[in-house]
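Residue-level structural notes
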Amino acid sequence: MKLITAVLQPGTLEPVKTALNAVGVKGLTVVDARGHGSQIGKVEVYRAREVRVDFVPKIRIETVVADEQLDAAIEAISETVRTGSIGDGKIWVTDVLDVVRVRTGETGDAAVN
């Protein structure tokens, strides 16, 4: 099992959710986040004054998938959000040793999705 974590533009949530559902990924956790990558913030104009925004609004999506779903899930996310511009986001994968569905007590792959 793998934990996929993606930090993306806020406007991409609905398309990513739809794309993941299409490849069989059902469970998803979404957290509002702020941060910056190589763009190190940006300058915006607010009431005719330049304001530096060091942390850009993002969303953090996390989902646990079976090993055989990993490639399809990563492709679904990256193809959905890729614009070729700075700030498209980042995806990383972490090994998951075990999962427990609290309601039923199921563990392992049975508890995923």
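The sections below set out a description of the structure shown in this document. (Residues numbered from 1 in each chain as written. Predicted model: local features only at pLDDT ≥ 70, side-chain atom pairs only at ≥ 80, totals over all residues. Heavy atoms only, no water.)

Observations regarding the overall build of the chain
What counts here: Secondary structure elements follow DSSP: runs of H or I of four or more residues count as helices, runs of E of two or more count as strands, with numbering from the N terminus. Exposure categories follow from relative accessible area, calculated using a 1.4 Å probe and restricted to protein chains: below 20% of the type maximum is buried, above 50% is exposed, and the middle band is partly exposed. Asp and Glu count as negative and Lys and Arg as positive, but His and the ends of the chain are not part of the count. Here the site of a charge means atom NZ of a Lys, CZ of an Arg, CG of an Asp or CD of a Glu.
Check the secondary structure of the chain and you find two helices and six strands. For the chain, the succession of helices and strands along the chain, N to C, is β-α-β-β-β-β-α-β. Counting only C-alpha atoms and orienting by the principal axes, one finds that the chain spans roughly 55 × 25 × 20 Å. For the chain, the residues scored as buried account for 30% of the 113 residues in total. Both charge centroids of the chain, one from 14 positive and one from 16 negative side chains, sit 9 Å from each other.

What to know about the pairing of strand 1 (residues 2-8)
Here is the rule we go by: At least two DSSP bridges between two strands are needed for those strands to be called paired.
Most of strand 1 is tucked away: five of the seven residues are buried. Relative to strand 5 (residues 56-65), strand 1 is paired through seven bridges, and the arrangement is antiparallel. Residue Leu3 lies in a different strand from strand 5, and its bridge partner there is Val64. Relative to strand 6 (residues 89-95), strand 1 is paired through seven bridges, and the arrangement is antiparallel. Paired with Thr5 across the two strands is Trp92, which belongs to strand 6.

Some thoughts on the pattern of salt bridges
Going by this rule: Salt bridge, as used here, is a side-chain nitrogen of Lys or Arg placed within 4 Å of a carboxyl oxygen of Asp or Glu.
In total, this model carries five salt bridges according to the counting rule given. One salt bridge connects Lys2 with Asp95, and the closest N-O pair in it is separated by 2.3 Å. Of this pair, Lys2 sits in strand 1 while Asp95 sits in strand 6, and the two are 93 residues apart along the sequence. Taking the relative accessible area as the measure of exposure, Asp95 reaches 56% and is therefore exposed. Between Glu62 and Arg60 there is a salt bridge whose closest N-O contact spans 3.0 Å. On the accessibility criterion, Glu62 (23% relative accessible area) is partly exposed.

Quick word on the side chain of Asp88
Put simply, the rule is: Each polar contact in these results corresponds to two N or O atoms within 3.5 Å; when the atoms are within protein, one needs to be able to donate a hydrogen and the other to accept it, and residues that are neighboring in sequence are counted only if both atoms are side-chain atoms. Should any heavy atoms of two residues lie within 4.5 Å, those residues are counted as being in contact.
Within the secondary structure, Asp88 sits in the loop between helix 2 (70-81) and strand 6. With no salt bridge to any partner, buried Asp88 finds its closest opposite charge in Arg82, at an N-O distance of 5.9 Å. One polar contact links Asp88 to Thr83, side chain to side chain, over a distance of 2.5 Å. Polar contacts involving the side chain of Asp88 include one to the main-chain amide nitrogen of Gly84, which spans 2.8 Å. The residues contacting Asp88, other than those within four sequence positions of it, are Val7, Leu8, Gln9, Val81, Arg82 and Thr83.

That is the geometry; function is a separate question.
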